[in-house]
Amino acid sequence: LAGLRIEDPAVLEATHEQVRRWMRDDGIDGLRVDHPDGLADPVGYMTALRELAGPDAWLTVEKILEPGEPLPPDWPVDGTTGYDALAEVQSLFVDTTAESAFDRLYRDLTGDQRSFHDHVEAGKRTAVTTILQAEVLRLARLVPNVENAGEALAELAVHFPVYRSYPPTGAEYLARAIEATRTARPELADVIGTLAARLSDPADELCVRFQQLTGAVMAKGVEDTTYY
């Protein structure tokens, strides 16, 4: 998980020479892209990878889709690595009638009365204020003249409903995050209004880096915290 600037053509070329060799000489006919949400330009990378691999290669992405969320239609890939399918298939092996008993047992043993939604918010808030705080501060430095920008950006990341969007695709997710944040923190409404246009512009570095932040916040706040 090295932080390579793969959106730079020279970096892409240097780091994918071995991949090209595998596909040309060693019979590799499929590639799995790990953590595409960490990329600055996911669709640009997928397009370059498709060109490198060829039209018949099998390309899949490790992309976690929330319920009802589609895979971006402009990604030239063959699908995901299967979390969305597994979420449905594994339900065959879960006895949902036991939910209330397990819920009571958990609450009796731990004393924890919070809802799952409360845990998600707490986990994501922990992520933006600890291990990902540097990323929030970096975003704030891109808007030095906006007071409380860091706090507003952190709140937007906490309330972002999916891992990330791919502007202009997925604009509705940013709209939902803005509405939820304004409801939860009305004192930040003016700041959010100032930031909204830049967060919607895929050519703006603030927008690009915010999308990378929301995916990391979801991964660390939900996958690595809430679920445990």
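Provided above is the structure to which this section pertains.
Below, the structure is looked at part by part. Predicted model, so just to flag it, every value in this text is computed and none were measured. (Residues numbered from 1 in each chain as written. Predicted model: local features only at pLDDT ≥ 70, side-chain atom pairs only at ≥ 80, totals over all residues. Heavy atoms only, no water.)

### Considerations on the packing of helix H7 (residues 133-141) against helix H8 (residues 149-158)
Reasoning step 1: The geometry of H7 relative to H8 is characterised by a closest axis approach of 8 Å and an angle of 125° between their N-to-C directions. Relative to H8, the element H7 is oriented oblique. For the crossing formed where H7 meets H8, the hand is right-handed. Taken together, the residues of H8 that come into contact with H7 (itself represented by Val136, Leu139 and Ala140) are Gly150, Leu153 and Ala154.
Reasoning step 2: Split into classes, the residues belonging to the contact of H7 with H8 amount to five nonpolar, one polar and no charged. (Axes fitted to C-alpha atoms, helices over the stretch in contact; angles between N-to-C directions. Helix = DSSP H or I, 4+ residues; strand = E, 2+ residues; numbered from the N terminus. Parallel < 35°, antiparallel > 145°, perpendicular 65-115°, else oblique. Left-handed = near helix turned anticlockwise from the far one by under 90°. Contact = heavy atoms within 4.5 Å. Nonpolar A, V, L, I, M, F, W, Y, C, P; charged D, E, K, R; others polar.)

### Structural notes on the environment of Ala57
Reasoning step 1: Position of Ala57 among the secondary structure elements: in the loop between helix H3 (42-53) and strand S2 (58-61).
Reasoning step 2: Judged by its relative accessible area of 7%, Ala57 is buried.
Reasoning step 3: Taking the C-alpha atoms as reference, Ala57 lies 8.7 Å from Ile28; in sequence the two are 29 residues apart.
Reasoning step 4: The residues contacting Ala57, other than those within four sequence positions of it, are Met23, Asp29, Arg50 and Asp78. (Buried < 20%, exposed > 50% of the residue type's maximum accessible area, 1.4 Å probe, protein only.)

### Let's talk about the side chain of Glu62
Reasoning step 1: Along the chain, the position of Glu62 falls in the loop between S2 and helix H4 (83-89).
Reasoning step 2: Its relative accessible area of 13% is what places Glu62 among the buried residues.
Reasoning step 3: A distance of 3.1 Å separates a polar atom in the side chain of Glu62 from the backbone nitrogen of His35. (Polar contact = N/O pair within 3.5 Å; in protein donor to acceptor, adjacent residues only side chain to side chain.)

### Overview of the packing of helix H6 (residues 116-129) against helix H11 (residues 205-226)
Reasoning step 1: Put simply, H6 and H11 touch, their axes get as near as 8 Å, and they point 125° apart. By the angle between their axes, H6 is oblique relative to H11. Considering only the axes of H6 and H11, their crossing is right-handed. Contacts from Phe116, His119, Val120, Gly123, Lys124, Ala127 and Val128 in H6 reach Val217, Met218, Lys220, Gly221, Val222, Thr225 and Thr226 in H11.

### Quick word on the pairing of S2
Reasoning step 1: Here strand S1 (residues 30-33) runs beside S2; their pairing, made up of four bridges, is parallel. Along S2, the bridge assignment pairs Gly30 with Trp58.
Reasoning step 2: Tracing the backbone out of S1, into H3 and back to the parallel element S2 gives a crossover that is right-handed. (Pairing = 2+ DSSP bridges. Right-handed = clockwise from strand over helix to strand, strands pointing away.)

### Thoughts on the packing of aromatic side chains
Describing an aromatic ring pair means giving the distance of the ring centres and the angle of the ring planes.
Reasoning step 1: This model, assessed by the stated rule, comprises three aromatic pairs.
Reasoning step 2: Taking 5.9 Å as the distance between ring centres and 80° as the angle between the ring planes, the aromatic pair formed by Phe160 and Phe210 counts as edge-to-face. Of this pair, Phe160 sits in the loop between H8 and helix H9 (171-184) while Phe210 sits in helix H11, and the two are 50 residues apart along the sequence. Like Phe160, the residue Phe210 is buried in the burial classification. (Phe/Tyr/Trp six-rings, centres within 6.5 Å; stacked < 30°, edge-to-face > 60°.)

### Things to note about the pattern of salt bridges
Reasoning step 1: In total, this model carries 22 salt bridges according to the counting rule given.
Reasoning step 2: Between Glu62 and Arg32 there is a salt bridge; the shortest N-O distance is 3.8 Å. Taken as a pair, Glu62 in the loop between S2 and H4 and Arg32 in strand S1 lie far apart in primary sequence, 30 residues in all.
Reasoning step 3: Residue Glu205 is joined to Arg138 by a salt bridge in which the shortest nitrogen-to-oxygen separation is 3.6 Å. Here Glu205 is found in helix H11, whereas its partner Arg138 is found in helix H7, with 67 residues between them in sequence.
Reasoning step 4: Judged by relative accessible area, Glu205 falls into the partly exposed class, the value being 37%. (Salt bridge = Lys/Arg side-chain N within 4 Å of Asp/Glu carboxyl O.)

Everything listed here is a matter of geometry and, on its own, says nothing about what the molecule does.
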